[in-house]
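Each chain, written out:
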Amino acid sequence: MQYEEELLSRAEVQKLLTEMLGQFADYCTRHGLRYYLVGGTLLGAVRHKGFIPWDDDVDVGMPRSDYERFLDLTAKEPVNPDYEIVSAKDGTLSAPFAQLVHKRTRIERPTSKCIQEEYQVLKLFLDIFPQDGWPQSRKESEKVVKWAGFLRFMSIESKAKPGRGTTILRAILKTPVVLVAKLIGSKRILRALDHYARRYDYDTSAYVGAITYGIYGIGERCPRAEVTKFAQVQFEGETYQAPGCWDSYLTGIYGDYRILPPEEKRVNHGLKVWVMPIKEDESDENAD
């Protein structure tokens, strides 16, 4: 019998991601690991009690010590036989965080045409962002935003295909930067970013948030005492942890987050996702 992969609708992609999130959360609960919804997933939970209707990914944050322990644990005890962890730490992900990926899926994404093949992970993913301590001073925090942003930019350029860009002019202008970034090397840049993000300990800092992938800048920075008074939010019929200061966090990164954006700004990753059905013999093994 031949088993053909199936192209999923957005609703089916969201359902698969919901299953992945549920199993991730259960794993964290079993092992006493802290996590909380962040970014668009938290926004979806608060505003829609589930996915933002047009969204196609899931974002969670983990305090640095829990994040590191999670990576160590999953190397020995996977979340699920169908899932695996890829991360910058073990060199399997060329981005400054980790992903839980579904091994029986295949994706196509628009950004692939600009990224070298060896840096791509083309499986359906759940993003896991380490959360680190931030300086107490806003001025120092702004320096963090600039330097981490620069390292993130160089990391992206180190993976780019030379001479490729959204426009011919952009491709020409960024070529020297791409060549310098490649000379330094993706892994070296990621190590520098990771080392920089760890300067302040999560559990003793007055402020915490994402640094390695803090794409919302200073809006990522929240008082630790408020974050760690974890709240419970509904997401696709299940309950998950959220930062205690979810309202100020969402306001800091999105502004008036309760207002839907105009149609032209309702964008996602543009993923096309295929899944390979479970074969009968594999189904029997799982049942055993």
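Remember, it's a predicted structure, so these values are computed and weren't measured experimentally.

Caption draft 1: Structural context of the overall build of the protein. Counting secondary structure elements, the protein contains 9 helices and 12 strands. Within the protein, the proportion of its 288 residues that are buried is 47%. Long-range contacts, defined here as pairs at least 24 residues apart, represent 69% of the contacts in the protein between residues at least 6 apart. Counting every atom, the protein has about 14900 Å² of accessible surface; 53% of that belongs to carbon and sulfur.

Caption draft 2: How the structure looks around the sheet that holds strand β6 (residues 105-108). Taken in spatial order, the 3 strands line up as β1-β12-β6 in an open sheet, and their pairing is antiparallel. Each edge of the open sheet is held by one strand with a lone partner, namely β1 (6-7) and β6. As paired elements, β1 and strand β12 (residues 272-275) share 2 bridges and run antiparallel to each other. In the sheet register, L7 faces β12, and the bridge partner there is W274.

Caption draft 3: Layout of the pattern of salt bridges. By the definition in use, this model includes 15 salt bridges. D132 is the partner of R64 in a salt bridge, and the nearest nitrogen-oxygen pair spans 2.9 Å. Separated by 68 residues along the polypeptide, R64 in helix α3 (residues 64-76) and D132 in strand β7 (residues 124-134) bring together distant segments of the chain. Assigned by exposure class, R64 and D132 land together as buried. Linking R138 and E142 is a salt bridge whose minimum nitrogen-to-oxygen distance equals 3.6 Å.

Caption draft 4: Expanded view of a nonpolar patch on the surface. Where nonpolar side chains cluster on the molecular surface, the patch consists of W147, F150 and F153 and spans about 300 Å² of accessible area. Examined against the element boundaries, W147 turns out to sit in helix α4 (residues 138-158). Assessed through its relative accessible area of 40%, W147 is described here as partly exposed.

Caption draft 5: How the structure looks around the environment of P96. Within the element layout of this structure, P96 appears in the loop between β4 (83-87) and β5 (98-102). P96 gets classed as buried once you look at its relative accessible area, which sits at 11%.

Caption draft 6: Fine view of the packing of aromatic side chains. On inspection of all chains with the given rule, the structure shows 11 aromatic pairs. Ring geometry for F24 against Y35: centres 5.7 Å apart, planes inclined by 80°, an arrangement best described as edge-to-face. Taken as a pair, F24 in helix α1 (residues 10-30) and Y35 in the loop between α1 and β2 (36-37) lie far apart in primary sequence, 11 residues in all. Pair check on accessibility: F24 and Y35 agree, each one buried. Arranged with centres 5.4 Å apart and planes meeting at 65°, the rings of Y216 and Y254 form a pair that is edge-to-face. Pair noted here: Y216 is in the loop between β8 (207-210) and β9 (222-223) and Y254 is in helix α8 (residues 246-254), with a separation of 38 residues, a long-range link. Y216 gets classed as partly exposed once you look at its relative accessible area, which sits at 33%.

Caption draft 7: Region of interest: the pairing of β6. Judged by which residues are buried, β6 turns out to be one-sided: T105 and I107 face inward and are buried, whereas R106 and E108, on the alternate face, are not. In this structure, β6 lies alongside β12, joined through 4 bridges in antiparallel fashion. Bridge pairing links E108 to K272 in β12.

Caption draft 8: Spotlight on unusual backbone geometry. Backbone geometry places K49, a non-glycine residue, at a positive phi of 60°. Topologically, K49 is positioned in the loop between α2 (39-48) and β3 (59-63). The phi angle at E236 is positive, at roughly 50°, despite the residue not being glycine. Residue position: E236 is located in the loop between β10 (231-235) and β11 (238-242). The exposure class assigned to E236 is partly exposed, which follows from its relative accessible area of 37%.

Caption draft 9: Up close: the side chain of D127. Along the polypeptide, D127 turns up in strand β7. There is a polar contact of 2.8 Å between the side chain of D127 and the side chain of Q99.

Caption draft 10: Summary view of the packing of α4 against helix α6 (residues 186-197). Relative to each other, α4 and α6 sit at 160°, their axes nearing to 9 Å. In terms of their interaxial angle, α4 and α6 are classed as roughly antiparallel. Regarding α4 and α6, the two cross each other, and that crossing is left-handed. Note on element contacts: α6 touches α4 through S186, I189, L190, A192, L193 and Y196, opposite K143, V144, W147, A148, L151, R152, M154, S155 and S158.

Caption draft 11: Highlighting the nonpolar core. Ranked by internal contacts, the top residues of the largest apolar core, which has 61 residues, are F24, F70 and I128. When residues of this core are assigned to their parent elements, the largest contribution, 9 residues, is made by α1. With residues near it in sequence (within four places) discarded, I128 still touches F24, V60, M62, Y67, F70, I85, F97, A98, Q99 and L100. With 8 residues, the next largest nonpolar core counts V144, A148, Y196 and A197 among its residues.

The rules behind the values
- Residues numbered from 1 in each chain as written.
- Predicted model: local features only at pLDDT ≥ 70, side-chain atom pairs only at ≥ 80, totals over all residues.
- Heavy atoms only, no water.
- Helix = DSSP H or I, 4+ residues; strand = E, 2+ residues; numbered from the N terminus.
- Buried < 20%, exposed > 50% of the residue type's maximum accessible area, 1.4 Å probe, protein only.
- Contact = heavy atoms within 4.5 Å.
- Areas by Shrake-Rupley, 256 points an atom, 1.4 Å probe, with all protein chains shown as cover.
- Pairing = 2+ DSSP bridges.
- Salt bridge = Lys/Arg side-chain N within 4 Å of Asp/Glu carboxyl O.
- Patch = residues over 30% accessible without salt bridge, like charges linked within 9 Å, V, L, I, M, F, W, Y side chains within 5 Å.
- Phe/Tyr/Trp six-rings, centres within 6.5 Å; stacked < 30°, edge-to-face > 60°.
- Polar contact = N/O pair within 3.5 Å; in protein donor to acceptor, adjacent residues only side chain to side chain.
- Axes fitted to C-alpha atoms, helices over the stretch in contact; angles between N-to-C directions.
- Parallel < 35°, antiparallel > 145°, perpendicular 65-115°, else oblique.
- Left-handed = near helix turned anticlockwise from the far one by under 90°.
- Core = buried A, V, L, I, M, F, W, Y, C linked by side-chain atoms within 4.5 Å.

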